[in-house]
Amino acid sequence: MTRKPVLEHPTLAVIKKAFPDAGLKATEFREMTTVVIPREKIHEVARYLHDSPDCDYDFLADVVGIDYMGYPVEQPGRFAVSYVLASGKHGLRITLKTYVDPSVDTSGIDFDPELEVDSITDIWPGAEWPEREVYDMFGIRFKNHPDLRRILLWRDFPAHPLRKDYPLRGRGEREHYQTLNRESR
Amino acid sequence: MGIEAALPHDSIMTTQFNRVVNWARRSSVWPLPFATACCGIELMATACSRFDLARFGAEVMRFSPRQADLLIVAGRIGIKSLPVLQRIYMQMAEPKWVISMGACASTGGVFDTYAVVQGVDQFIPVDVYVPGCPPRPEMLIEGIMAIQRIIDNDNIPKDQDGKRLPLNIAVQPNFEPSAQPVDVSIGAT
Ligand code: SF4
């Protein structure tokens, strides 16, 4: 049985009016509404959602990365970044999502201009650490982030481990380390 | 009451010097709790009054490696915390011993992922492994008793061929399991 999405989130009408040609799409699942936004527009829309009194999304709950490799349903891109927003004034939640597609081999840590999204740390300063985590785990970089370093793994880790093409047991990172014996000083 | 109670008060005992030293060492093993996960909770319980690690002279938890003799690795070690563990091991003064407590510290446990070390014994020397997830405090106490036995013997006792002898401290079960399966006796007498 397929169920049609119920798109009655009050914010949808507002941003549709404010961004008529931005190519926004929307999905809904169990009363949680997601707005799919092209990568170039994400900062602009987020700024509007934060500043406009009709929206007033003053709280950023989380920023997460998603890897859709091997996902059962066709998706517009390999990776996605999701921003979960909440508005205390209107009592609303909304999720923003943008899809990115890699242009270089995803097994390494090379810079990929396609995997770069505008940082929203200037709108919600709390985005700083979640964005670092997305960068650490998925290799999606954030433009204009004040301090884009890995947050959980160490600086020289040779991969982005939450990518689905990274093996669960790693590529030997956990075995290759100096060994101490009883004579070590 | 020690042996002095059985002796006349003006008598003299002779013994070997290293026996006295080992006696002192094994009666005051000061552990450094390197507790990174849930096993650490059981380690704390071991030190509390119900199990009372003080009976074994090991109640003085030292958070400075310079003052500790026994490193208790309790919990999973990520590859990021492994260098810290190794540094702490190096900072401990000789003589020193290491207990690897729990499935995670000994083998990685269920955390078979890129970030977790699959057994700290790959990277630091380990004297005693305490199995369990988490081990009961009795298990840890038994591990400390094994360390005490190792100290007493100036290392793990070996036979003439250099083969390790068992420490013979495993607590034997004090019950006999009954034979199974039994006949279903519902309704019958
Ligand atoms: S062995 Fe079990 S109790 Fe101990 S750290 Fe691992 S998961 Fe936790």
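Everything that follows concerns the structure shown earlier in this document.
The present account deals with the structure reproduced in this document.

### Quick look at the interface of chain B and chain A
Between chain B and chain A, the contact holds 17 residues from the first and 14 residues from the second. Considering only residue class, the side of chain B that touches chain A consists of 11 nonpolar, four polar and two charged.

### A word on helix 2 (residues 39–47) of chain B
Because each turn of an α-helix spans 3.6 residues, side chains separated by three or four positions end up pointing in the same direction. All names here are of chain B. Of the residues making up helix 2, those classed as buried are C39, E42, L43 and T46. Angular distribution of buried residues about the axis of helix 2 spans 105°; they occupy a single face of the element. For helix 2, the elements touching its buried residues are strand 1 (31–35), strand 2 (70–74), strand 3 (97–101), helix 4 (102–107) and helix 5 (137–152).

### Points about the site of the ligand
Residue and element names in this part refer to chain B. Around the ligand, the neighbouring residues are A37, C38, C39, G75, R76, G102, A103, C104, G109, C133 and P134. Ranked by the residues each element gives to the shell around the ligand, the list is headed by helix 4, at three residues. Across the shell around the ligand, the residue classes break down as seven nonpolar, three polar and one charged.

### Brief notes about the sheet that holds strand 4 (residues 79–87) of chain A
Through backbone hydrogen bonds, the strands of a sheet pair up, either in parallel or in antiparallel fashion. Residues and elements named next belong to chain A. Strand order in the open sheet made by the five strands is 1-2-5-4-3, with mixed pairing throughout. Of all strands in the sheet, those with a lone pairing partner are strand 1 (25–29) and strand 3 (59–67), marking the two edges. Put simply, the sheet's adjacent strands are angled 25° from each other on average, direction ignored. Across the sheet, helix 1 (residues 10–18) is in contact with strand 1, strand 2 (32–36) and strand 5 (92–100); its angle to strand 5 comes to roughly 50°. Across the sheet, helix 2 (residues 42–51) is in contact with strand 4 and strand 5; its angle to strand 5 comes to roughly 170°.

Rules behind the numbers
- Residues numbered from 1 in each chain as written.
- Chains lettered and ligands numbered in written order.
- Predicted model: local features only at pLDDT ≥ 70, side-chain atom pairs only at ≥ 80, totals over all residues.
- Contact = placed C-beta atoms within 7 Å.
- Nonpolar A, V, L, I, M, F, W, Y, C, P; charged D, E, K, R; others polar.
- Buried ≥ 20, exposed ≤ 12 C-beta atoms within 10 Å, placed from the backbone.
- Helix = DSSP H or I, 4+ residues; strand = E, 2+ residues; numbered from the N terminus.
- Arc of directions from axis to C-beta.
- Near = placed C-beta within 6 Å.
- Pairing = 2+ DSSP bridges.
- Axes fitted to C-alpha atoms, helices over the stretch in contact; angles between N-to-C directions.

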